[in-house]
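Listed below, chain by chain, are the residues.
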Amino acid sequence: MKNTKKVGKELYENLGKLFYAIAMADSRVHGKEVSKLRSFIRKYWLEVDELEDEYGTDAAFQIESIFDWSMDNDVDSEACYDDFKDFYKDNKGMFSAFIKVLILDTANAISNSFSGKNKAELVMLGKLELLLKE
């Protein structure tokens, strides 16, 4: 069970990287993008499973923690996307059809939250959609 928890936590950490990469695709994270992510975590991601971190907090909050850490440390968005891609390819069994749809819905909501989707975000969303179809 410990290994399952570890991989589950890694899933949420990599989702944080992915959503940061989407928000940062245009080289800037806007406040509306952060707000949209937080609302999606609370409205949808907390309901995905019962997994908790070592502090008894819902593991889905790892999405927010990693997103915030990446933003605070000005992490490269392409590197974050590549980390997610590698995790996805190594753990495809964790990604049910429901999780894939929720990932795409969250990514689209983030990119739509500030002045609609720009070219950089469209490219990143296209890459994500193709990856999730593999």
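So, here is what we can say about the structure in this document. Residue positions are given per chain, counted from 1 along the sequence in the order it is written. Reporting of local features is limited, given that this is a predicted model, to residues whose pLDDT is at least 70; pairs of side-chain atoms are given and counted only at 80 or more, and all residues count toward the totals for whole chains, interfaces and linings. Hydrogens and water are ignored here; the side-chain numbers use all heavy atoms of the structure.

**Notes on the overall build of the chain**
For helices the rule is a DSSP run of H or I covering at least 4 residues; for strands it is a run of E covering at least 2, with both sets numbered from the N terminus onward. Assigned secondary structure in the chain consists of six helices and zero strands. The contact criterion used is simple: two residues touch if any of their non-hydrogen atoms lie within 4.5 Å. Here the analysis covers contacts within the chain between residues at least 6 apart in sequence; of these, 76% occur between residues at least 24 apart. Residue exposure ignores everything except the shown protein chains as possible cover, and the areas themselves are Shrake-Rupley values with a 1.4 Å probe. Counting only carbon and sulfur atoms, one obtains 51% of the accessible surface of the chain, whose full area is about 7,200 Å².

**Here we look at the side chain of Asn-14**
Mapping Asn-14 onto the fold places it in helix H1 (residues 2-23). Those residues in contact with Asn-14 that sit more than four places away from it in its chain are Asp-83, Phe-84 and Phe-87.

**Structural notes on the packing of aromatic side chains**
When two rings of Phe, Tyr or Trp (its six-membered ring) have centres within 6.5 Å they constitute a pair, described as stacked for plane angles under 30 degrees, edge-to-face for angles over 60, and tilted for the intermediate range. According to the stated counting rule, one finds eight aromatic pairs in the structure shown. Aromatic pair Tyr-12 and Trp-45: ring centres 6.5 Å apart, planes at 90 degrees, arrangement edge-to-face. On the criterion of sequence distance, the pair formed by Tyr-12 in helix H1 and Trp-45 in the loop between helix H2 (31-43) and helix H3 (61-72) is long-range, its members being 33 residues apart. Across this residue pair, the class does not change: Tyr-12 and Trp-45 are buried. When its relative accessible area of 0% is taken as the criterion, Trp-45 is described as buried. Counting every residue linked through ring pairs, the aromatic cluster contains Phe-84, Phe-87, Tyr-88 and Phe-95. Each residue is placed in one exposure class: buried if its accessible area under a 1.4 Å probe, protein chains only, is under 20% of its type's maximum, exposed if it is over 50%, and partly exposed if it falls in between.

Keep in mind these numbers describe shape, not what the thing actually does.
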